[in-house]
Every structure is written in C-alpha cells, then in structure tokens.
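What follows is the residue order along each chain.
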Amino acid sequence: MKRYIILFFVVVMSHLVANAQDDFIRGVMAIHDNDVVLARFHLEQAVKDDPTIGYAHALLSYVYFEFGLYNEAMEAADKALSLQHTDSDSKFLAYKYRALAATKLASFLSDKAEKAAVKKHAVSDLTMALMNKTDVSILKERARLYLGLDMPMESYADCKLALTSTPNDPGIYFLMGEACSEMKQSKEAISHYTKGIELQPNHLKCWLFRAIEYVKLSKYDLFASDVIESFNCAKSDVILKYLDTLKGSSNISKAIFNEIDSRIERATDLKNEPLLAGMIMEGNNDFVSAIKYYKKNTLEENSDIVTTSIIHCYMSLGGYSQALAVLDTIKNVSPINNTYLRLKLSCYNSLGDLNAALTEVNKLIELQPEDYFLYYMRGIINYDMGNKENALDSYSLAVSMAPERDYPLFSRGRMYYILGDKESANADFKRVLEINNDTANFNCSVFADYYLGNVDRAKERCQLMLAKSNSEGNNYDAACLYSLLGDKSRALDYLEIALEKGYADFEHIERDSDLDNIRKERSFIKLVNKHKSYRDNRLKMLR
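Fair warning: this is a prediction, and the values are worked out from it, not measured in the lab. (Residues numbered from 1 in each chain as written. Predicted model: local features only at pLDDT ≥ 70, side-chain atom pairs only at ≥ 80, totals over all residues. Heavy atoms only, no water.)

1. Overview of the overall build of the protein chain
The helix and strand tally for the protein chain stands at 30 helices and zero strands. The buried share of the protein chain, taken over its 543 residues, is 47%. Look at the contacts in the protein chain between residues 6 or more apart in sequence, and 53% of them connect residues 24 or more apart. Working note: accessible area of the protein chain is about 27,700 Å², and carbon and sulfur atoms make up 51% of it. (Helix = DSSP H or I, 4+ residues; strand = E, 2+ residues; numbered from the N terminus. Buried < 20%, exposed > 50% of the residue type's maximum accessible area, 1.4 Å probe, protein only. Contact = heavy atoms within 4.5 Å. Areas by Shrake-Rupley, 256 points an atom, 1.4 Å probe, with all protein chains shown as cover.)

2. Overview of the nonpolar core
By size, the foremost hydrophobic cluster in this structure holds 101 residues, and its most contacted members are Leu495 and Ile509. If we ignore the near neighbours within four places in the chain, the residues touching Leu495 are Tyr476, Ala479, Ile509, Ile518, Phe524 and Leu527. One finds Val47, Ile53, Ala80 and Ala143 within the second-largest nonpolar core, a separate group that totals 51 residues. (Core = buried A, V, L, I, M, F, W, Y, C linked by side-chain atoms within 4.5 Å.)

3. Considering helix H15 (residues 273-283)
For the α-helix, the turn length of 3.6 residues means that residues three or four positions removed from each other point alike. Among the 11 residues of H15, nine are classified as buried, and the element is accordingly described as predominantly covered. For H15, the full list of buried residues reads Glu273, Pro274, Leu275, Leu276, Ala277, Gly278, Met279, Ile280 and Met281. Positive backbone phi, approximately 65°, marks Asn285, located one or two places after H15.

4. Some words on the packing of helix H9 (residues 170-182) against helix H11 (residues 204-216)
Following both chains from N to C, one finds H9 and H11 inclined at 25°, their axes separated by 10 Å at the closest point. Judged by the inter-axis angle, H9 sits roughly parallel to H11. The two elements H9 and H11 cross, and the hand of that crossing is left-handed. Contacts between H9 and H11 involve Phe174, Glu178 and Ser181 from the first element and Lys205, Cys206, Phe209, Glu213 and Lys216 from the second. Along the lines of polarity and charge, the residues of the contact of H9 with H11 split into three nonpolar, one polar and four charged. (Axes fitted to C-alpha atoms, helices over the stretch in contact; angles between N-to-C directions. Parallel < 35°, antiparallel > 145°, perpendicular 65-115°, else oblique. Left-handed = near helix turned anticlockwise from the far one by under 90°. Nonpolar A, V, L, I, M, F, W, Y, C, P; charged D, E, K, R; others polar.)

5. What to know about the packing of aromatic side chains
The final tally for this structure, using the stated rule, is 19 aromatic pairs. Taken together, a centroid distance of 5.6 Å and an interplanar angle of 25° make the contact between Tyr482 and Tyr494 stacked. In this pair, Tyr482 is assigned in helix H27 (residues 472-484) and Tyr494 in helix H28 (residues 488-500), connecting sequence segments 12 residues apart. Put simply, the rings of Phe410, Tyr417, Phe429, Phe447, Tyr450 and Tyr451 pair up and form one aromatic cluster. (Phe/Tyr/Trp six-rings, centres within 6.5 Å; stacked < 30°, edge-to-face > 60°.)

6. Remarks on the confidence of the model for the protein chain
Here the protein chain averages 86 in pLDDT, while 88% of its residues score no lower than 70. Below pLDDT 50 for its whole length, residues 1-16 participates in one contact with residues either more than four positions away or in separate chains. (pLDDT = per-residue confidence, 0-100.)

7. Re unusual backbone geometry
Not every positive phi belongs to a glycine, and Asp150 is a case in point at roughly 55°. Assignment of secondary structure puts Asp150 in the loop between helix H7 (136-148) and helix H8 (152-163). Judged by relative accessible area, which is 63%, Asp150 ranks as exposed. Although it is not a glycine, Ser218 adopts a positive phi angle of roughly 60°. Within the secondary structure, Ser218 sits in the loop between H11 and helix H12 (220-233). The class for Ser218 is partly exposed, based on a relative accessible area of 47%.

Dropping the structure here:
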C-alpha cells in the first residue's frame, strides 16, 4: 500500500511538472507575441504547478512590471533569485525588473533619504544584472539613477560604455549632457545636447536643456533660438512651465522677444513663433500684447488654440463683448461644441445678459446632465435674476451630485439664509468648514464663518488666504468680506488691489450685493470708473 501511494505521488508530480512546462512554454510564446495578459495566465499557472521554475518567476517579474504591479514584480524577482539553480538569463531579468520596479515605487516616496536608499539598492541590482549580461538599456537606466544620486561622473562613465554598443542613440547623449551640466561643464554639455539634436532633430529635452546651458554662458540669443525651436518640436505646457522657472530675468525675456520679432519680421520659415510669443505674454498677464501676437498666427493647425486663447485674453481684459464677437466668427464648428458654449455662457453671465446666459447653461445641461458645475452656474444666474426658489433648486441639484464641493454648498447655504431658513443655512455653512480647511481654497470658508457669526475667524482665514495667494480674485473676496463687515476703508483698499492686479469683471462688481455697503462711496465710484476707463483704453488698442 505504501509503495502504491509513493508511485501515485510520483505520477501526479510528473503530470504537474509536465503541465507546468507546457504553461511555461505557452507563457514564453505569449510574451513573444506581446500578449502579457495571456503570458500572465500561463506563467502564474506554471509556478503554481512547479514553483522551482526560476525563469518563469523571472518572466513574471517582467509581466507584473508591465501591468504596473511593482510590488508583485519585486516578489517574483525575489523568488527567482532565491532558487539555487536559477540560470544567468533568469538572474538578469530578475535583477533588472526588481530594480525597475523599485525605481517606480521610489517615485511615490516623499522622504528624500528613503527615496535615495531605494535608488541605491536599485543601482546594486542593475550592477548585478550587468554581471550576468551586458545590456545598453541597463546602462542607461543606471546612468539615470546615478544622476538622481548626484553621481554625475559614474553616470557619464555608463553613458560612454553604452555608446560603444549604440553610438547613434540620442538618449545617451542627452544623459551625457545632463552629467556634464551637473559637473558644471556647460560647453561639454552643449556639445552632447547638440549631438543628440543632430541624431533626433525633434528631441525636445535636448533643445530645452541646451538652452539652459546657453543661459549659464550668457548667450541669450542662442537660448532664445533653442526655446523657439523646442516649441516647434512640440507645443507643450512643459515648455511654458520651463520658461516660468526662468522668469525674472530681463535678459531672457528680451532675448526671446527679440528673436521672435526678428523671425516674424523676416517671415522666414515662420512656424509657431507667434503662438509661443502669445502664450508667454498671456502667462505674464500682458493680454493686449498676447492678442497681437496670436493674431499673427498663420498656421492652420494652430487656429483652434489661437482662437480660444484670444477669447480668454479678451475675457481677462474684461472685454466680454469682444470675446463674444470672436466666438461668433468661428466657422465650421459644431453648434453643440461644449468649449465654445461654456465660453459663451461665461461671457453672457459676466456681461449681465442673464437671459442669454440661462439659455446657454440649459443647452449645456442637455449635453452634460451629469456635470454638477452647470447646475451650480444655473443657480448663480437664477440668483442674479431674482429667481430665489429656482436658484435654491439648482444649488441643491449641484450639491446632490457633488456633496464635497464647497462652492455649491456655500451658495445653497446663503440662499437658505436669504430665504430665512437659518437652520438649513447653518448646516451647509458648517459642512463647508468641515470639508474646506485648505488655505489654498479658503474663499468659501471665509464667508461661511462670516454667516455663522465667527467674524474674527473669518478675518483670520481671509488673511491666510491672501498670504497663500495675493491674487486679484482673493483680494476681491477680501473686499467683499470687509464690505459686509462695514469696514469701508479696508474694503476699498482690497478692491483697489484687485483692480490693480487685473480684476476686470466690472458688470459683476456693479451687481454684487456683497459690495452694497461701499457702492455709493465717492472713492468707490472714482476707483471703478478709473479702471473701467483703463480697460476701455486697452481694448481700443486692439481695434
């Protein structure tokens, strides 16, 4: 009997091993066919039937990595490396994907020391992978990690070694440029970035990083040329964010616009220069200049973004009628285009054409009945029209769809307050304070505290809000708060700051009940008229 049991066990195990080998082969074939879903199924079955197949565990580390399952990838790699008979190919894969998975997980860590420790361990794993098999992708990845660990010399050495196998890889030259930059060797960095551009003319990072090195050498004309060329490679917010980091240098701004104006004047192979100039000017709140540059665009492919940008610039100037005029000139656009409907809604609302605004918001609700913000907007419009019950209904719909959004909740609370339902109003205001405790979004909390009678706390929140962002919108809200509190002097001071910073929604100022306490003040009338005149003069410049 004992002999029979042993024989039965051997037969079963042989059958399982055979099945495991079959699944393993099917998994390999699936990987070859780029079917990671099928590969995962077969490889998981293979290691279940025979946990000693080291190559199956190693391949699973790759498959899990492709799925974004980085912890599982590391566990599979650990299993492969723990087996005594794991071959060099399996070890190579296991070390490689354990390192890559660890690097991905490190990106989620906030502690710098912890992140550096993970990267160092990943470097060790990549080094072990290279001991089993020389691979250019591993050398490049280790070079990147060395840069992140402030080890530019080691990074540069890996790049040099990688070039012996792939001498025409622009990515390697980019990494060499980064390493030279960290070693404060700008001329050498420029040389490597230039080689990368020669090999791949649309290599965005090579253009941008070479531009930075030109700044270090005070070669602002070459910097400007590279920035413009980079924008021609890819119209990307990355470029504008990159330029934003260089703000404050008059040499940089002057160089960019000298180069752009020169190209526009020559009209030689003009591409995205007007668009780039317009976007930079818009980012600097020079909306008049931005519109002028946008209007010089000649590329059909840029027409949509240029048109939308011109509309936004007019709206930022308070030129809502002009923005509507541009919207009315748009050809070959579907009448149900949500973007343009939203812009029309905003323009009509700001102009105080509430019937037209109500028509537009109802059109949008038919198209996007699940969008809470549209019901919130309809509430605002009805409130301004004096339709209090309709406003309350719309606010309530918005709250039911987005209970954690503070603006609809506060607006409903204020509507309850106006209608005399203090209990419901207070409940909404208290909820606003519960969900909105971030100084970046204190606006609703400021007024929730005010309506709850927490005047000192409202003032404190207002100052925290301004300290976080001294924007025109926040200063306008501060003016509203102090007007409600009866502090006319401070209300007028904050309103002046808001207007100086570019607040231009004068139609809203005229109907905003929060400002009723200062509306009849001579200084209020004089201040608003002054900035209205300034707005009108700027808009005349664009006729």
